[in-house]
Amino acid sequence: IQNTGGAPLRIANLTTSCMCTSAQLEVNGKNGPKFGMPGHGGVSSRGWSMEIPAGTQGTLHVFYDPNAHGPSGTGSFRRDITFTTNDPKSENVTVSIKGTVVR
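Described below are features of the structure shown in this document. Owing to the predicted nature of the structure, the values given are computational and were not obtained by experimental measurement.

Here is what the cut-offs are and how they apply
- Numbering of residues starts from 1 in every chain and runs along the sequence as written.
- Residue-level local features of this predicted model are given only where pLDDT is at least 70; pairs of side-chain atoms are given and counted only at 80 or more, and the full residue set underlies all totals for whole chains, interfaces and linings.
- Side-chain measures here rest on the full set of heavy atoms in the structure, leaving out hydrogens and waters.
- Salt bridges, as used here, are contacts in which a Lys or Arg side-chain nitrogen is within 4 Å of a carboxyl oxygen on Asp or Glu.
- Classification of residues uses two cut-offs on accessible area relative to the type maximum, computed with a 1.4 Å probe and protein chains only: under 20% is buried, over 50% is exposed, and between them is partly exposed.
- Put simply, DSSP marks the helices as runs of H or I at least four residues long and the strands as runs of E at least two long, and each gets a number from the N terminus on.

**Some details on the pattern of salt bridges**
Argument step 1. Counted under the stated rule, the structure contains one salt bridge.
Argument step 2. Residue Arg 78 is joined to Asp 80 by a salt bridge in which the shortest nitrogen-to-oxygen separation is 3.2 Å.
Argument step 3. A relative accessible area of 53% places Arg 78 in the exposed class.
Argument step 4. In this structure Asp 80 comes out as partly exposed when scored by relative accessible area, which is 23%.

**Things to note about unusual backbone geometry**
Note: most peptide bonds trans; most residues except glycine with negative phi.
Argument step 1. A positive phi angle, near 55°, is found at Asn 13, a position not held by glycine.
Argument step 2. Turning to its location among the elements, Asn 13 is positioned in strand 1 (residues 9-16).
Argument step 3. Despite not being glycine, Asn 28 has its phi angle at roughly 50°, a positive value.
Argument step 4. Here Asn 28 shows up in the loop between strand 2 (21-27) and strand 3 (30-31).
Argument step 5. Residue classification places Asn 28 among the exposed residues on the basis of a relative accessible area of 59%.

In short, the description is geometric, and any link to function would need to be established separately.
Set out below in structure tokens:
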């Protein structure tokens, strides 16, 4: 996530669309907590935020566990990672991953 603005970019409310997926923001070598689908255990991103300084970037790490769906969890998938920012042009952001699980 590149911050091309002149002020810190605040990332908050990091969530995923399925319990099989989690996401974590890394900025300047520091990792935030791993967050997943709200209401399915794990750490809540409520009240959490992390800033990317102006002119720098952060890395959004996404973890997908195909085993979470059991033996029938093969085939194509798409999962969304959402977060909010303090950028009025991009207040709500969705990043998607997709692929195919084969066994």
